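Secondary and tertiary structure notes
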Amino acid sequence: MDATLFDAMRLADELVAIRRHLHRYPELSLYETETAALVARELGKLGLAVRTGVGGHGVVADLAGGRPGKTVALRADMDALPIREETGLEFASARPGVMHACGHDAHTAMLLGAAKLLVRMADRLQGNVRFIFQPAEEINAGAKAMIADGALEGVAEIYGLHNLPTLPAGRIATCAGPMMGSVDRLEIRLEGKGGHGAIPDQCVDPVVCASHVIMALQTIASRELSPFDAAVVTIGSLQAGDANNVIPHRAELTGTIRTFDPRVKARMPERVERLVTRIAAGFRCKAEVRVIDQTPVLVNHEPQTRVVDEAADETIGEANRGPAAPTMAGEDFSVYLGRVPGCFFWLGSGPARNAETAFGLHHPKYVLNEDCIPTGAALHANIARKALGNG
């Protein structure tokens, strides 16, 4: 067994305890005060220089190696989701309607474990390691805020991971180049003329208009893009009216736009606005459209992906590394990758058998296989060592 993984296994009980505490007391984006305080305390115990309040409730700590060299960053996210947990775990969320349904509690524990491992070998490191604990990933705001507060100053490379419950624990998946989609928020406001539901001729119905808008938006991917260009336009909410016999005055829709190519992303706002405004005019409604840029396509850099692959092969064995399939799910780690080279990869967190049937991320019954926690800690540490030339 790899020596770093062996040491991480010896920390497993401690790291799992941290993860379970965070799972029981989850905090939403922009409210990660208790989580940040716990992280700062744990890092302080290691004698690291700790900065708090970075980009909101972010925490940054630096480990100086024994020899001069570049600075490599490792990042974990800390926030939870507005989901009511249905796992029945003994350490399930004590806060109704808030759940670590994406495993950021485990990400935080893994990076704390990596800090504990790397501190022990600090005198042998050729360079420095920066530990970045990020808030507000779920709302695509944390990375930008931390960068604005200097989290990447002096950083040469950055690495991160995300657990994947449909991949067995003990395995990883990597990909050089585009791996995850861009994220844009879509907001549409349609204004008609409200009135009695039994007298529609005296009204301008924004609900009927909204239904046509929703269907038309699907034609962007099917009829305006090449079959070789990927895009998703999803309307996730439609709010209109309160009574069954009243035509409301307005309808409001929100959605998400995902693409896998910056060129396609750049043209999506025009396509959406054109369809919405012209359909609205045809139904005698007024339309307001906002496409809010959130995160770019996540593109891994090839040299840094090789670092991850080599570190993984040494840590868990080449047989446990596979290719990452592209996904339209988004991650604001892409913002870091737009500033400095790096790599983001999937870490299996599912059961050893039939992981493909496990409940996925953001599900109220999502369960993380805690065997992945020491593995993630060891991978973080070995990736940092190899990136610094201490392979």
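Residues numbered from 1 in each chain as written. Predicted model: local features only at pLDDT ≥ 70, side-chain atom pairs only at ≥ 80, totals over all residues. Heavy atoms only, no water.

Considerations on the overall build of the protein chain
Helix and strand counts for the protein chain come out as 11 helices and 16 strands. Relative to its length of 391 residues, the protein chain is compact, with a C-alpha radius of gyration of 23 Å against a globular reference of 21 Å. Dimensions of the protein chain along its principal axes, counting C-alpha atoms only, are 80 × 45 × 40 Å. In the protein chain, buried positions account for 53% of the 391 residues. Taking contacts inside the protein chain between residues at least 6 apart in sequence as the whole, the part at least 24 apart equals 82%. A total of about 16600 Å² of accessible surface is found on the protein chain, and carbon and sulfur atoms cover 52% of it. Side chains of the protein chain carry 40 positive and 46 negative charges; the gap between the two charge centres is 2 Å. (Helix = DSSP H or I, 4+ residues; strand = E, 2+ residues; numbered from the N terminus. Rg over C-alpha atoms; globule rule 2.2 N^0.38 Å. Buried < 20%, exposed > 50% of the residue type's maximum accessible area, 1.4 Å probe, protein only. Contact = heavy atoms within 4.5 Å. Areas by Shrake-Rupley, 256 points an atom, 1.4 Å probe, with all protein chains shown as cover. Lys, Arg positive; Asp, Glu negative; His and termini not counted. Charge placed at Lys NZ, Arg CZ, Asp CG, Glu CD.)

What about the packing of aromatic side chains?
Enumeration according to the criterion identifies 2 aromatic pairs in this entry. With 5.6 Å between their ring centres and 65° between their planes, Phe-333 and Tyr-336 make a pair best called edge-to-face. Here Phe-333 and its partner Tyr-336 are both found in helix α10 (residues 333–337), 3 residues apart, which amounts to about one turn of the helix. Note on accessibility: Phe-333 and Tyr-336 belong to one class, buried. (Phe/Tyr/Trp six-rings, centres within 6.5 Å; stacked < 30°, edge-to-face > 60°.)

A short note on the side chain of Arg-258
Tracing the backbone through its elements, the reader meets Arg-258 in strand β12 (residues 250–259). Despite its burial, Arg-258 remains without a salt bridge, the nearest opposite charge being carried by Asp-184 at 8.4 Å. Separated by 2.8 Å, the side chains of Arg-258 and Thr-256 make a polar contact. Other than its neighbours up to four places away in sequence, Arg-258 contacts Ser-182, Val-183, Ala-230, Ala-231, Val-232, Met-328, Ala-329 and Gly-330. (Salt bridge = Lys/Arg side-chain N within 4 Å of Asp/Glu carboxyl O. Polar contact = N/O pair within 3.5 Å; in protein donor to acceptor, adjacent residues only side chain to side chain.)

Focus on the pairing of strand β4 (residues 126–134)
For β4, the buried fraction is high: 7 of the 9 residues fall into the buried class. Here strand β2 (residues 58–64) runs beside β4; their pairing, made up of 6 bridges, is antiparallel. If you follow Val-60 over to β4, its bridge partner there is Ile-132. Pairing of strand β3 (residues 67–77) with β4 involves 8 bridges; the strand directions are parallel. In the strand pairing of β4, Val-72 is matched with Val-129. (Pairing = 2+ DSSP bridges.)

Thoughts on unusual backbone geometry
For Asn-140, which is not glycine, the phi dihedral falls at a positive 55°. Structurally, Asn-140 can be placed in the loop between β4 and α5 (142–148). With phi around 65°, Arg-284 is a residue other than glycine that occupies positive phi space. Tracing the backbone shows Arg-284 in the loop between α8 (262–282) and β13 (286–295).

Points about the environment of Arg-75
One can find Arg-75 in strand β3. A residue is classified by how much of its surface remains accessible, and Arg-75, at 1% relative accessible area, is buried. Note: C-alpha distance between Arg-75 and Asp-205 (130 residues apart in sequence) is 49 Å. Only 3.1 Å separates the side chain of Arg-75 from the side chain of Gln-134, close enough to count as a polar contact. Here the side chain of Arg-75 touches Asp-332 through a polar contact of 2.9 Å, side chain to side chain.

Brief notes about the sheet that holds β3
In space, the 8 strands of this open sheet follow the order β1-β2-β4-β3-β5-β16-β6-β15, with mixed pairing throughout. Lying at the two open borders of the sheet, with one neighbouring strand each, are β1 (49–54) and β15 (321–323). Each strand of the sheet is rotated relative to its neighbour by a mean of 25°, with strand direction disregarded. Of the pairings in the sheet, the one linking strand β6 (residues 172–174) to strand β16 (residues 342–350) comprises 2 bridges and is antiparallel in character. Across the sheet, residue Ala-173 finds its bridge partner in β16, namely Trp-346. Along the sheet, helix α3 (residues 33–45) contacts β1, β2 and β4; its crossing angle with β2, the most-contacted strand, is approximately 15°. (Axes fitted to C-alpha atoms, helices over the stretch in contact; angles between N-to-C directions.)

What about the packing of helix α2 (residues 12–24) against α3?
Viewed as axis vectors pointing N to C, α2 and α3 meet at an angle of 160°, and their least axial separation amounts to 11 Å. Between α2 and α3, the interaxial angle falls into the category roughly antiparallel. For the crossing formed where α2 meets α3, the hand is right-handed. The residues of α3 that touch α2, namely those facing Glu-14, Ile-18, His-21 and Leu-22, are Thr-35, Leu-38 and Glu-42. (Parallel < 35°, antiparallel > 145°, perpendicular 65-115°, else oblique. Left-handed = near helix turned anticlockwise from the far one by under 90°.)

What to know about the environment of His-162
With respect to the helices and strands, the residue His-162 is situated in strand β5 (residues 155–168). Overall, the relative accessible area of 4% leaves His-162 in the buried class. A sequence separation of 19 residues divides His-162 from Ala-143, and the C-alpha atoms of the two residues are 15 Å apart.

With respect to the pattern of salt bridges
Between side chains of opposite charge, a pair can form as their charged atoms come close. One pass over the full model with this rule turns up 27 salt bridges. Put simply, Arg-263 and Asp-261 hold a salt bridge, and the shortest N to O gap is 3.5 Å. Of the charged contacts in the structure, one is a salt bridge between Glu-270 and Arg-274, with a shortest N-O distance of 2.9 Å. Residue Glu-270 and its partner Arg-274 are located together in helix α8, separated by 4 residues, close to a single helical turn. One connected set of salt bridges, linked through shared partners, spans Arg-19, Arg-20, Glu-90, Asp-105 and Glu-370.

Interpretation in functional terms is not warranted from these geometric data alone.
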